[in-house]
Amino acid sequence: MNLRPRLSAAGRATRHLIADLGIGLLALVTFAAVTVAFALIPAGVGLAAVAPLTSWTRRLASRQRRRTAALLGTPQPEGYQPLEGTLSRQVRTALSDPATYRDLAWLFAYGVLGTAAGWLALALPLFAVNAFTVPLWWQLVPGTSLLGYPIDSWPSALSGIVIGLGYALLAILISVPLAKATARLSRALLRPPRRARLAAVSAARAAALEAHELELKRIERDLHDETQNRLVAVLMNLGMLERSLAAAPEPARLLAVRAHEAASDALTNLRKVVRTIHPPVLTERGLDGAVAALAASSPVPCAVAVDDFPRLPAAVETAAYFAVAEALTNLAKHSGATSAQVRLRADGECLVAEVEDNGRGGAHARAGGGLAGIDRRVAAFSGRTMVASPPGGPTIVRVELPCGL
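Here's what I pulled together on the structure shown here. (Residues numbered from 1 in each chain as written. Predicted model: local features only at pLDDT ≥ 70, side-chain atom pairs only at ≥ 80, totals over all residues. Heavy atoms only, no water.)

**As for the pattern of salt bridges**
Side chains carrying opposite charge are able to pair once their charged atoms draw close together.
1) Next: Throughout the structure, instances matching the rule amount to nine salt bridges.
2) Next: A salt bridge links Arg67 to Asp20, with the nearest nitrogen and oxygen atoms 2.9 Å apart. Taken together, the residues span a long stretch of sequence, with Arg67 in helix 2 (residues 47-72) and Asp20 in helix 1 (residues 3-39) at a distance of 47 residues. For the pair shown, Arg67 and Asp20 are each scored as buried.
3) Next: In this structure, Arg58 and Asp97 form a salt bridge, with 3.0 Å as the shortest nitrogen-oxygen distance. (Salt bridge = Lys/Arg side-chain N within 4 Å of Asp/Glu carboxyl O. Helix = DSSP H or I, 4+ residues; strand = E, 2+ residues; numbered from the N terminus. Buried < 20%, exposed > 50% of the residue type's maximum accessible area, 1.4 Å probe, protein only.)

Next up, the structure:
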């Protein structure tokens, strides 16, 4: 059994839980402050604090949504009504927004359970260290005990090593499920109602359509500014060639070379533009063949594993193809990886595409970056994109596209 992945996962989960301890304490303090502010509203004293406390609560909840999405791989919309306008209008918005009361329920429940889980995740390793080191210092501290039993001899002191191993094993076993439990609690309490989620999906689709329109405009601009100008240069050179052939063979040869180079550049550029619209290899060889071609052309050695599934709608295949292409481009540029793997499989009614590399890790989506572009394209299909990239690697980019398999 390979313990390294298990220990690595336990370490990440423990760090997550220790952060839960800090955020849980903040949540409890915030819950108390909001409760006091709301209680003082009838007296007119708490009104001034409602808007800033609501804004702070939203920031805290939004941070937890991002942490939950990173751990569980499930992005979650917020669904808040914007706090805008005068102070009185912000107060009315805060008091009428159902999300305010969802956040309050989360503050209390997560404040109690997240703090307890975080304390447990912090305490178990400390207990293990304490028990492990008992043989080193038990004679210097009178009245030392472990699990209620006094340490008054070398055999009892050495038993601390066994107890320490027990604490360490318990910490490893419970850290991952405990971290996922607190994350699922946050996801359940902070999840907006169905209507708000549908609105978020509609907004994502609208953004995808807008991105598509911008892409078409970019293609039009590329064809006009690049390809057309190069073809004009070809025509000019060919015209000069016609006038030069009769009088000067050597200049005519040079012009012919230039015309050939210009035509070759124009053709290459045109092919690149066409491939950004719809890659011909996808039509000719299907998604598995197209992904295999991407892997073969990758500068990083890349293996491909494809499950057997039928041909999918063209739009789904195109989205999956470009997602894999962008992920391979990113890892070649930024990961420092020496090997990669692409996996395609059907999972329920979804097509799942995963790109994994053994690079340095630390990848994250940023505005205008390749991972953000993948997410926008996938969101148009109500799919989801997950990136797991701890420092030191490995990095896994996972895309799920509903396709009715």
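Still more to cover.
**What about a nonpolar patch on the surface?**
1) Next: A surface patch of nonpolar side chains, about 530 Å² in accessible area, is lined by Ile18, Trp119, Leu120, Leu122, Leu126 and Phe127.
2) Next: At five residues, the largest contribution of residues to the nonpolar patch is made by helix 4 (residues 98-132).
3) Next: Within the fold, Phe127 resides in helix 4. (Patch = residues over 30% accessible without salt bridge, like charges linked within 9 Å, V, L, I, M, F, W, Y side chains within 5 Å. Areas by Shrake-Rupley, 256 points an atom, 1.4 Å probe, with all protein chains shown as cover.)

**Notes on the environment of Val316**
1) Next: Considering the arrangement of structural elements, one finds Val316 in helix 10 (residues 314-335).
2) Next: Excluding residues that lie within four positions of it along the chain, Val316 makes contacts with Leu351, Phe381, Leu401, Pro402 and Cys403. (Contact = heavy atoms within 4.5 Å.)

**Remarks on the pairing of strand 3 (residues 302-306)**
1) Next: The sheet contact formed by strand 3 and strand 4 (residues 340-347) spans five bridges and is parallel. Along strand 4, the bridge assignment pairs Val306 with Leu344.
2) Next: The parallel pair strand 3 and strand 4, bridged by helix 10, forms a crossover whose chirality is left-handed. (Pairing = 2+ DSSP bridges. Right-handed = clockwise from strand over helix to strand, strands pointing away.)

**A look at the nonpolar core**
1) Next: Judged by nonpolar contacts, the single largest core of 36 residues is most densely connected at Leu287, Tyr321, Val324, Leu328 and Leu351.
2) Next: Among the elements that take part in this core, helix 10 stands out by supplying 11 residues, more than any other.
3) Next: Within the second largest apolar cluster, 19 residues are counted, among which are Phe38, Ile41, Val91 and Leu190. (Core = buried A, V, L, I, M, F, W, Y, C linked by side-chain atoms within 4.5 Å.)

**Considering the environment of Ala181**
1) Next: Here Ala181 lies in helix 6 (residues 154-190).
2) Next: Along the chain, Ala181 and Ala117 lie 64 residues apart, while their C-alpha atoms are 9.4 Å from each other.

**Digging into the pairing of strand 4**
1) Next: Inspection of the sheet shows strand 4 paired to strand 5 (residues 350-357) by eight bridges, in the antiparallel sense. What sits directly across from Ala340, in strand 5, is Asp357.
2) Next: The turn joining strand 4 and strand 5, which pair antiparallel and follow one another in sequence, is formed by two residues; a positive phi near 70 degrees is taken by Gly348.

**Details of the side chain of Thr115**
1) Next: In this structure, Thr115 sits in helix 4.
2) Next: For Thr115, a relative accessible area of 15% corresponds to the buried category.
3) Next: Residues contacting Thr115, with those up to four places away along its chain left out, are Asp20, Leu21, Gly24, Leu25, Leu28 and Tyr110.

**Focus: helix 2**
1) Next: Taking 1.5 Å as the rise per residue, helix 2 with 26 residues should run 38 Å; its terminal C-alpha atoms sit 37 Å apart, in good agreement.
2) Next: Gly73 sits one or two positions beyond helix 2 and adopts a positive phi of about 70 degrees. (Expected span 1.5 Å × (residues − 1).)

**As for the sheet that holds strand 4**
1) Next: As summarised here, the arrangement of the five strands in space is 3-4-5-7-6, forming an open sheet in which the pairing is mixed. A single partner strand is all that each edge strand has here, and the edge strands are strand 3 and strand 6 (384-388). Taken over all neighbouring pairs, the strand axes of this sheet differ in orientation by 10 degrees on average, direction set aside. (Axes fitted to C-alpha atoms, helices over the stretch in contact; angles between N-to-C directions.)

Such coordinate-based values are descriptive only and should not be taken to indicate function.
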